[in-house]
Each structure stands twice: as C-alpha cells, then as structure tokens.
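Here are the chains, one letter per residue:
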Amino acid sequence: MFTIRLKAGREKSVLRRHPWVFSGAIEELIGAPAQGDTVKIVDQAGKFLAWGAYSPHSQIRVRVWSFEEKDTIDESFLQLRLEQALKLRHEIFSAGEMEALRLVHGESDGLPGLIVDRYGDLLVMQCLSSGPELWRETLVDLLVKLTGIGQVYERSDVDVRQLEGLADRVGALRGGEPPERVLIHENGLSFWVDVRSGHKTGFYLDQRTNRLRVRQIALDKDVLDCFAYSGGFSVNALAGGASSVIILDSSRAALELASENLAQNNLPVERVEFIEADVFNALRGFRDRGRSYDLIVLDPPKFAPTAAQAEKASRGYKDINLLALKLLRPGGFLFTFSCSGGISPDLFQKIVAGAALDAGVDARIVERLHQDADHPVALNFPEGEYLKGLVVWRAT
Ligand code: SAH
C-alpha cells in the first residue's frame, strides 16, 4: 500500500471532503506509486483521511475516490459510483431526455476526472486525469454493462491532460468506429453531433435548458448568436419564431454543422445570415455600422480555465458584454455566459455590471442560468459549478 502523509494543518480541506490534494500539502510519500495507483491519504499523525488516485506530474497530486476507510477502490467500487450517477439521471430525466445526456460529471459524481456523455446509441468517454486513465478498461466494461450501450468512443484530447503528463487519446474503445455524425434530439429539436472532431465530446449538453429559454422568448426578434458553434441557440431561436438570426462563429466547420442543423429541423434558412468571423471584431463592425438586435447570445469558450487567468479573461468578458449591450435595442435581452472555472458567479456579475455602466445602459438581471441538471455540482466541490449565465434586459 502507498501512503501520503499531509503536512500539519493541510488535512483541513480533505476533512471538508474536497476531492483535491495539492502537491504543496504533502509532507511524505511512502512507497513508489505509479500514475493512477490508489494511495492512502493520512494526516500528520497518521490518521486515515481518504483514498485517492496518485498523479505524479500534476499540481493536483491526488484526486480522492473515497473518504471512507472501509472502501476498496476496485471494480465493484467503481460500479457503485457509476450506478449512482445513472440512477440520478433516471430520476430527473425522462426516457426521451436520456438519449442525449451527460451520464458522468467527474468529481461531482464521485468519479474525479471521468466524463461520460451519451449520444443515442453511443457513449463518449473522456479521461481527464490519472485515475480514470488507469481504470479505463474496467470503466468501459462497466459502462457497457450498466447502460446496455455497446459502442464507446474516447475523446481524451483536452489540454488539462498535459498537466497530468498524459498524451491525447482519441478512438474507438468498443463497438468500432462511430458514424461521422450522430443525430440527437433535444427538447423536440434535432442536432447533428460530430463526436470525432467536434468540441468537447461533440455537443454542449450543459446549455440544453438555456437554449430552450431562448426559444421561449425569441418570437419576432432579431437575434445575434455569438460563438454559435453548431447553432444550438440559433436553431432554438428560429424554432421560437425569430424574425432573423445571425449565426456568428470563427469556425467554418461549426457553421457548416449549424447549417445542417437548420435544414434538419426545416427552419427558414432565408431568415439566417452566417458569419465566419472573430466575435470581438465582428461586434465592433456591427457597432460602426449602427446595427441593433432584440436578443443577443454571448456563449464564448473558456477565457479563464483557472483563477490565474481571471484578470485577462475579465477584460475579454467585459469587452464583448459592453459591445453587446450597446448593440441591444432598449427592451432587448442579452443571454451572457461564462464557462470559465476561474471566474466566479459573483465576479461575472460584476464584469457585466461594469460593462453596462461603461456602455451607458440601464440594464436588469431577469434570470440567472446554470449548467443543466446532468452536470451536478457536488456541495464539497464548488469548482464543479463552472457555467454561469445572466439574462439581462436592457431598459433604456
Ligand atoms: N453556443 C454553443 C457553444 C459555443 S462554444 C452551443 O450552444 O452549442 C464556443 C464557440 O466559440 C466555438 O464554436 C468556437 O469555434 C467559437 N469561438 C472561439 N473563439 C472565437 C472568436 N474569437 N470569435 C468567434 N468564435 C469563436
């Protein structure tokens, strides 16, 4: 058995059940665990605290599997955790909704570093850290057994793996190569998901309910969808009766997928303008040309993955929000999001407030939005709450 003894006082966060142990908290490593091996974490005096997966190259040296001494980290432990995650989804989603859903959301499902998304008859798995990396084969077998889905694809091509000293891994794990595109249904609309080369695992499942909110208020509105990806918000806006929609993204592949998603849903493509451009530049261009909109969506990529990049990221968020608020007609709505782990909900609201002030507009928060329920937030892991959104109404 391998043991990690923490420095005096550094046991506090583990006692609060935070699942990360940083390298600086460690006093002594007993034994020579390999990457992903289970280690016992004890306090200065040797008292048991947790079992976790060892990661020799990461600042997050251990990710905790369990805080119970009686647990053994093995196949049946992992099965229990997976069963729990699946049970939760079955409780809160209908059978139809289960078709396109995040089944496992890492730390918040008690499975640090593991992401599993379901797209129809296909599971897409992401191993973000050394624990799931070591247990990959066991996890895949369990997933197939518990879901009855025989096709599993891996998309472990994310930057955070570099911090763990892990190379990218992409490819079929079970059931052979998946089709180029998989069709899913979300709140009555259809979307093509490119699991092999799309973003994340292919689709932004976390915005499901927020896209529906846009549909519910889009009637007769001129909509500007910034960072549109495969058109999730735009498809919903058109389904809700928007008068016009601009689909703006810097990726041509994303816009092509968006165009196919419009066709798939028989939406009026003549109301749509596709713009392949950088949002920062495009918004300035619209401003210079005196354009205005009734509903603007700002759903940028992560500007600040960690708190260290928060300052630079804040400037980016402020810039686009300021420009968007200026482009918004009085009485219009801004759906503005941040999926940066390094930007707290509080800070995000401050940034948007600063943008409104500088834009000289009188604006109100009418709704706060979050990642959808298949992306839970463990109470002992507030970092799990990464997506925050504000619906802002411009009064004057
Ligand atoms: N709203 C989408 C998800 C957006 S993901 C949905 O609901 O599905 C972020 C998108 O921003 C990606 O498609 C990426 O291509 C795009 N992007 C990133 N930086 C950009 C920039 N500077 N200008 C325009 N698009 C950008």
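Relevant structure appears above.
Thresholds, definitions, all that
- Residues numbered from 1 in each chain as written.
- Predicted model: local features only at pLDDT ≥ 70, side-chain atom pairs only at ≥ 80, totals over all residues.
- Heavy atoms only, no water.
- Helix = DSSP H or I, 4+ residues; strand = E, 2+ residues; numbered from the N terminus.
- Buried < 20%, exposed > 50% of the residue type's maximum accessible area, 1.4 Å probe, protein only.
- Contact = heavy atoms within 4.5 Å.
- Areas by Shrake-Rupley, 256 points an atom, 1.4 Å probe, with all protein chains shown as cover.
- Pairing = 2+ DSSP bridges.
- Salt bridge = Lys/Arg side-chain N within 4 Å of Asp/Glu carboxyl O.
- Axes fitted to C-alpha atoms, helices over the stretch in contact; angles between N-to-C directions.
- Near = heavy atom within 4 Å.
- Polar contact = N/O pair within 3.5 Å; in protein donor to acceptor, adjacent residues only side chain to side chain.
- Phe/Tyr/Trp six-rings, centres within 6.5 Å; stacked < 30°, edge-to-face > 60°.
- Expected span 1.5 Å × (residues − 1).

1. Topic: the overall build of the protein
Right, so step 1: Broken down by element type, the protein carries 11 helices and 20 strands.
Right, so step 2: By residue count, 56% of the 396 residues in the protein fall in the buried class.
Right, so step 3: Across the protein, every contact between residues at least 6 apart in sequence was considered, and the portion connecting residues at least 24 apart equals 63%.
Right, so step 4: Counting only carbon and sulfur atoms, one obtains 51% of the accessible surface of the protein, whose full area is about 16600 Å².

2. A closer look at unusual backbone geometry
Right, so step 1: You will see that R17, though not glycine, has its phi angle at about 70 degrees, which is positive.
Right, so step 2: Among the secondary structure elements, R17 is positioned in the loop between α1 (12-15) and β2 (20-22).
Right, so step 3: Among the residues examined, R17 registers a relative accessible area of 38% and is labelled partly exposed.
Right, so step 4: The residue F227 is not glycine, and still its phi comes out positive at about 60 degrees.
Right, so step 5: Summarising the element assignment, F227 is placed in the loop between β14 (222-226) and α7 (232-239).

3. Some points on the pairing of strand β5 (residues 48-54)
Right, so step 1: Judged by how many residues are buried, β5 sits mostly within the fold: seven of seven residues are covered.
Right, so step 2: As paired elements, strand β4 (residues 38-42) and β5 share five bridges and run antiparallel to each other. By the bridge assignment, K40 is partnered in β5 with W51.
Right, so step 3: As consecutive antiparallel partners, β4 and β5 are separated by five residues, and within that stretch G46 has a phi angle of approximately 95 degrees, a positive value.
Right, so step 4: Relative to strand β6 (residues 60-66), β5 is paired through four bridges, and the arrangement is antiparallel. Across the sheet, G52 pairs through a bridge with V64, a residue of β6.

4. A short note on the pattern of salt bridges
Right, so step 1: Counted according to the given criterion, the structure contains 34 salt bridges.
Right, so step 2: A salt bridge links E107 to R63, with the shortest nitrogen-to-oxygen separation between them at 3.2 Å. Remark: R63 occurs in strand β6 and E107 occurs in the loop between β7 (100-105) and β8 (114-119); sequence separation between them is 44 residues.
Right, so step 3: Judged by its relative accessible area of 14%, E107 is buried.
Right, so step 4: Its relative accessible area of 12% is what places R63 among the buried residues.

5. Observations regarding the sheet that holds β8
Right, so step 1: If you walk across this open sheet you meet the five strands as β7-β8-β9-β10-β11, and the pairing is mixed. Of all the strands in the sheet, just β7 and β11 (169-174) have a single pairing partner and so form its edges. Neighbour to neighbour, the strand axes of the sheet diverge by 20 degrees on average, direction disregarded.
Right, so step 2: Sheet analysis places strand β9 (residues 122-127) next to strand β10 (residues 151-156), joined by four bridges and oriented parallel. Looking at the pairing, L123 lines up with V152 of β10.
Right, so step 3: Here helix α4 (residues 136-147) sits on the sheet in contact with β7, β8, β9, β10 and β11, set at roughly 45 degrees to β11.

6. Structural notes on the site of the ligand
Right, so step 1: With respect to spatial proximity, 15 residues lie near the ligand, and among them R211, D249, D278, V279 and D299 are the closest.
Right, so step 2: The contact in question runs from a nitrogen atom of the ligand to an N or O atom on the backbone of F227, over 3.2 Å.
Right, so step 3: One nitrogen or oxygen atom from the main chain of V279 is found 2.9 Å from a nitrogen atom belonging to the ligand.
Right, so step 4: For the ligand, the accessible surface in isolation is 580 Å², of which the surrounding protein chains cover 90%.

7. Observations regarding the packing of aromatic side chains
Right, so step 1: Inspection of every chain in the model, using the stated rule, returns 10 aromatic pairs.
Right, so step 2: Consider the rings of F191 and F203, whose centres lie 5.3 Å apart with planes at 45 degrees: the pair is tilted. Here F191 is found in strand β13 (residues 189-193), whereas its partner F203 is found in the loop between β13 and α6 (208-217), with 12 residues between them in sequence.
Right, so step 3: On the basis of relative accessibility, which here comes to 2%, the residue F203 falls in the buried class.
Right, so step 4: One aromatic cluster is present, formed by F280, F303, Y317 and F348 through successive ring pairs.

8. A word on helix α2 (residues 75-92)
Right, so step 1: For α2, which comprises 18 residues, the first-to-last C-alpha distance of 26 Å matches the rise-based estimate of 26 Å (1.5 Å per residue) to within 8%.
Right, so step 2: Taken together, the buried positions of α2 are F77, L78, Q79, R81, L82, A85, L86 and R89.
Right, so step 3: Of the surrounding secondary structure, the elements contacted by the buried residues of α2 are β6, β7, β8 and α4.

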